[in-house]
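Okay, here's what each chain looks like letter by letter:
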Amino acid sequence: MKKPYFISDYVSIWKNTLSLNGETLFNCSQETSFKDFSKSLYKHIDMNYPKFYKMDNLSKLALLATEALFKNKNFNPEEENIALTLSNKSGSLDTDLKHQDSIADETNFFPSPAVFVYTLANICLGEISIKYKLQTENAFFVSESFQPDFITVYAEQLLQTGKAKKVLCGWVEYTDDNYEAFIYLVDEEGTLEHRSETLKKLYLE
Amino acid sequence: MREVYINDSNCITPLGFDVQANFDALLEGKSGIVKSTDFHKAVYVSKIDEQLLNKSFAEIGDPSAYTKLEKMLILTLKPLVSEYSISKDTPLIVSTTKGNIDELHHTNPRRILLHEVAQAVTDFFGLTQQAIVISNACVSGLLSVAVAKRMIQAGVYEGALVVAGDIISEFVLSGFHSFQAISDTPCRPYDESRKGITLGEAAAAVYISTVKSKNPTQAVKISGDGAINDANHISGPSRTGEGLYKSILAALEEAAVDVTAVDFISAHGTATHYNDEMEAIAFNRASLEHVPLNSLKGYYGHTLGASGLLETIISIESAFRNVLIPSVGYETSGISQPLNIIKNNQQKDIKYFLKTASGFGGCNTAVLFEKIA
């Protein structure tokens, strides 16, 4: 008999707004860039993690959503064996373009390791792992759109086989100042059943 | 739990366009690494000849309609799709770190996004399911084996095609150069004179399913896996080999196999100072220091998202021929802890072997395989 799992919490960030479990937690009223929005949000959720400022936009987005979710929990993430499975459409394209700019001209060739390391989408998983000391299962997937049918099966398999106790899943997409994060925690406790249909609804909220 | 097998495999590398040709070249000690002037700086690489690739591809499709990487992926998968008369709803998992990244400098780049590469492959074979791309740095190829196995065990798939590939680009070369991680000689994993990586390109494919191959000399069981993050640094491995050590333990625990049963290790061995040292620490912590081990990077270079799958396929061949391939480029130990690095072709009965990989972002993967006699 399969154990039931739940979506214990979910966070969305898009259009200058962060919401937690369906309720708006933070909103920048006027139109603003991700740079300014992410700084305001960082302060609002009282993050206090100076490494944040060195990260690329995709990692910042993933970390802000994760921080808002974990702040709402009364556990220490380090002790919970929380696996990470994030996905998106554009991989690390935002940073890829920055690295490409630095090598486009042979006479003005200035590739930087601090940029290059972020030309992999899974670096955002590494950043989350470091921040919350998660020595846990992690995988980054790329698909044209959010694939809850696939991700729900993968997450439950990690739980069923004891490879993880909880799974932080979601979609983190950043290109050209457009951003969209939808991150949720799959756990043994909660009220929302962990089902693909539920996630499709929450994702569109 | 359902048992899951790798039934068949294929690969395309500078050493040959199928597994037999590759393994025969390895037995003769051939390496694909040569000096190239195709990039910003002269550099050693293991690069696939595009004319040869186009000639082979022309037998199945129009070479001008696809990028180099797409041709490699399609050509690698083709015999597996034909052999198993794959039904059109078979899932496809594609492993790549950078996809068609060399297209980025073109005015009209083709299929820059990774899912677009996967779609080109999906469409070529007329598959109906949306492919899933795994892009998890240098563990992608090996992680894709673990992911396919997990999805099959969950009961949603009966079988899956897995294909992995990456190409050499100015984009990636310049990035590793900026880290001062590119060797100015062919790479020498674990050796005291090692100076960093050599890049390579390759594609590799496997068919994974719950059914054992009809040919009993081909199937290996995927017995256990782990893919655990170091949670330490995004561009440097853990000093204690934490994530790799835990990944190995997870693989052995799931397989319920004692560490003393491991007959052979196909390690990552990139020939950077930090990677090789980290592996030596992790393998010693796991009490695997006496187990014969190689890195195939001295033959193929670092083929990024292809490496984990390519090296798995070569190791399967090693297991069935009971022959261990030497870790080319290794002469004198340049790591602080002992490892049993293979120096010459050796006969050994192999039942269990371990494949590992590690990469940027602190990721690691270990998979234990069992040869089915």
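Scoring rules and cut-offs
- Residues numbered from 1 in each chain as written.
- Chains lettered and ligands numbered in written order.
- Predicted model: local features only at pLDDT ≥ 70, side-chain atom pairs only at ≥ 80, totals over all residues.
- Heavy atoms only, no water.
- Helix = DSSP H or I, 4+ residues; strand = E, 2+ residues; numbered from the N terminus.
- Expected span 1.5 Å × (residues − 1).
- Buried < 20%, exposed > 50% of the residue type's maximum accessible area, 1.4 Å probe, protein only.
- Salt bridge = Lys/Arg side-chain N within 4 Å of Asp/Glu carboxyl O.
- Contact = heavy atoms within 4.5 Å.
- Pairing = 2+ DSSP bridges.
- Phe/Tyr/Trp six-rings, centres within 6.5 Å; stacked < 30°, edge-to-face > 60°.
- Axes fitted to C-alpha atoms, helices over the stretch in contact; angles between N-to-C directions.
- Parallel < 35°, antiparallel > 145°, perpendicular 65-115°, else oblique.
- Nonpolar A, V, L, I, M, F, W, Y, C, P; charged D, E, K, R; others polar.
- Domains from an automatic or database assignment.
- Buried area = accessible area lost by both parts, 1.4 Å probe.
- Polar contact = N/O pair within 3.5 Å; in protein donor to acceptor, adjacent residues only side chain to side chain.

1. Notes on helix α6 (residues 148–160) of chain A
Residues and elements named next belong to chain A. The terminal C-alpha atoms of α6 lie 18 Å apart, and with 13 residues this matches the ideal 18 Å at 1.5 Å per residue to within 8%. Counting buried positions over the 13 residues of α6 gives 11, a clear majority of the element. Looking at the residues trailing α6, positive phi occurs at glycine 162, about 75°.

2. Digging into the pattern of salt bridges
Pairing of side chains with opposite charge becomes possible as their charged atoms draw close. Taken as a whole and judged by the stated rule, the model has 36 salt bridges over all chains. With its nearest N and O atoms 2.9 Å apart, the salt bridge here joins glutamate 311 of chain B to lysine 355 of chain B. Placement of glutamate 311 of chain B in helix α10 (residues 307–321) and of lysine 355 of chain B in strand β15 (residues 352–359) is noted, with a sequence separation of 44 residues between them. Relative accessible area serves as the criterion here: at 0%, lysine 355 of chain B is assigned to the buried category. The partner of glutamate 317 of chain B in a salt bridge is arginine 321 of chain B, with the nearest N and O atoms 3.1 Å apart. Taken together, the residues glutamate 317 of chain B and arginine 321 of chain B, both in helix α10 and 4 residues apart, mark about one turn of the helix. On the accessibility criterion, arginine 321 of chain B (26% relative accessible area) is partly exposed. What you see here is one network of salt bridges that share partners, running through Glu137 and Lys163 of chain A together with Lys149, Arg150, Asp225 and Glu254 of chain B.

3. Topic: helix α8 (residues 273–285) of chain B
Residue and element names in this part refer to chain B. Between the first and last C-alpha of α8 there are 19 Å, a value that for 13 residues agrees with the 18 Å anticipated at 1.5 Å per step. Within α8, 10 of the 13 residues are buried, leaving the element largely enclosed by the surrounding structure. Regarding α8, the residues found buried are Asn275, Asp276, Glu277, Met278, Glu279, Ala280, Ile281, Ala282, Phe283 and Asn284. Here the buried face of α8 lies against α7 (242–255), β10 (262–266), β11 (292–294), β15 and β16 (363–371). Looking one or two places after α8, you find serine 287, whose phi comes out positive at around 60°.

4. What to know about the sheet that holds strand β2 (residues 34–36) of chain B
Pairing between the strands of a sheet is mediated by backbone hydrogen bonds and can be parallel or antiparallel. All names here are of chain B. Pairing within the open sheet is mixed, and its 3 strands lie in the order β2-β3-β7. Either end of the sheet is taken by a strand with one partner, and the two such strands are β2 and β7 (199–200). As paired strands, β2 and strand β3 (residues 43–46) are joined by 3 bridges and run antiparallel to one another. The partner of serine 36 across the bridge, within β3, is valine 43.

5. Notes on the packing of aromatic side chains
According to the stated counting rule, one finds 29 aromatic pairs over all chains in the structure shown. Aromatic side chains phenylalanine 146 of chain A and phenylalanine 182 of chain A sit 5.8 Å apart centroid to centroid with 80° between the ring planes, which places their arrangement in the edge-to-face category. Placement of phenylalanine 146 of chain A in the loop between β5 (138–142) and α6 and of phenylalanine 182 of chain A in strand β7 (residues 178–187) is noted, with a sequence separation of 36 residues between them. On the basis of relative accessibility, which here comes to 1%, the residue phenylalanine 182 of chain A falls in the buried class. Ring plane angle 35° and centroid distance 6.0 Å describe the contact between phenylalanine 176 of chain B and phenylalanine 360 of chain B, whose orientation is recorded as tilted.

6. Focus on the pairing of strand β1 (residues 5–12) of chain B
All names here are of chain B. In terms of residue burial, β1 counts as a mostly covered element, since 8 of its 8 residues are buried. Alignment of β1 against strand β9 (residues 220–226), held across 2 bridges, turns out to be antiparallel. Following the sheet pairing, isoleucine 6 is matched in β9 by valine 220. When β1 meets strand β8 (residues 202–209), the two strands line up antiparallel, connected through 7 bridges. Along β8, the bridge assignment pairs asparagine 10 with alanine 205.

7. Regarding the packing of helix α1 (residues 19–27) of chain B against α10 of chain B
Residues and elements named next belong to chain B. Remark: α1 packs on α10, axes separated minimally by 10 Å, with the N-to-C direction vectors making an angle of 75°. The angle between the axes of α1 and α10 places the two elements in the roughly perpendicular class. Of the residues in α10, those in contact with Val19, Gln20, Asn22, Phe23, Asp24, Leu26 and Leu27 of α1 are Ile313, Ile314, Glu317, Ser318 and Arg321. Each residue belonging to the contact of α1 with α10 can be placed in one class, and the counts come to 6 nonpolar, 3 polar and 3 charged.

8. Section: the domain arrangement of chain B
How large an interface is tends to be reported as the accessible area lost when its parts come together. Residue and element names in this part refer to chain B. When its domains are assigned, chain B resolves into domain 1 (5–209) and domain 2 (223–371). At the junction of the two partners, domain 1 supplies 60 residues and domain 2 supplies 64 residues. Across the domain 1/domain 2 interface, buried area totals approximately 4800 Å², and carbon plus sulfur atoms make up 66% of it. Taken together, the links from domain 1 to domain 2 amount to 6 salt bridges. For lysine 149, the salt bridge is made with aspartate 225, and the minimal N-O distance between the two is 2.9 Å. At the level of secondary structure, the elements contributing two or more residues to the side of domain 1 that touches domain 2 comprise β1, α1, α5 (140–153), β6 (159–166), α6 (170–178), β7 and β8.

9. Here's the deal with the interface of chain A and chain B
Each partner contributes to the interface: chain A provides 47 residues, whereas chain B provides 51 residues. Here chain A meets chain B over a buried area of about 4200 Å², counting both sides, of which 65% is carbon and sulfur. Summed over the three residues of chain A that lose the most area to chain B, namely Phe116, Gln135 and Val142 of chain A, the buried surface amounts to 15% of that side. Where chain A touches chain B, the interface holds 4 salt bridges. A salt bridge links lysine 163 of chain A to glutamate 254 of chain B; the nearest nitrogen and oxygen atoms lie 2.7 Å apart. The interface formed by chain A and chain B contains 22 residue pairs in polar contact (both at pLDDT 80 or more). Grouping the amino acids of the side of chain A that touches chain B by side-chain chemistry returns 22 nonpolar, 17 polar and 8 charged.

10. Thoughts on the pairing of strand β1 (residues 6–14) of chain A
Residues and elements named next belong to chain A. The element β1 is extensively covered by neighbouring structure, given that 8 of its 9 residues are classed as buried. Inspection of the sheet shows β1 paired to β7 by 8 bridges, in the antiparallel sense. Directly across from isoleucine 13, in β7, lies its bridge partner alanine 181. Two strands pair when backbone bridges link them, and β1 and strand β8 (residues 192–193) are joined in this way by 2 bridges, in the antiparallel orientation. The residue of β8 that forms the bridge with isoleucine 7 is leucine 192. Direction of pairing for β1 relative to strand β2 (residues 17–20): antiparallel, over a ladder of 4 bridges. Bridge pairing links valine 11 to leucine 20 in β2. Adjacent in sequence and paired antiparallel, β1 and β2 are bridged by 2 residues, among which lysine 15 carries a positive phi angle near 45°.

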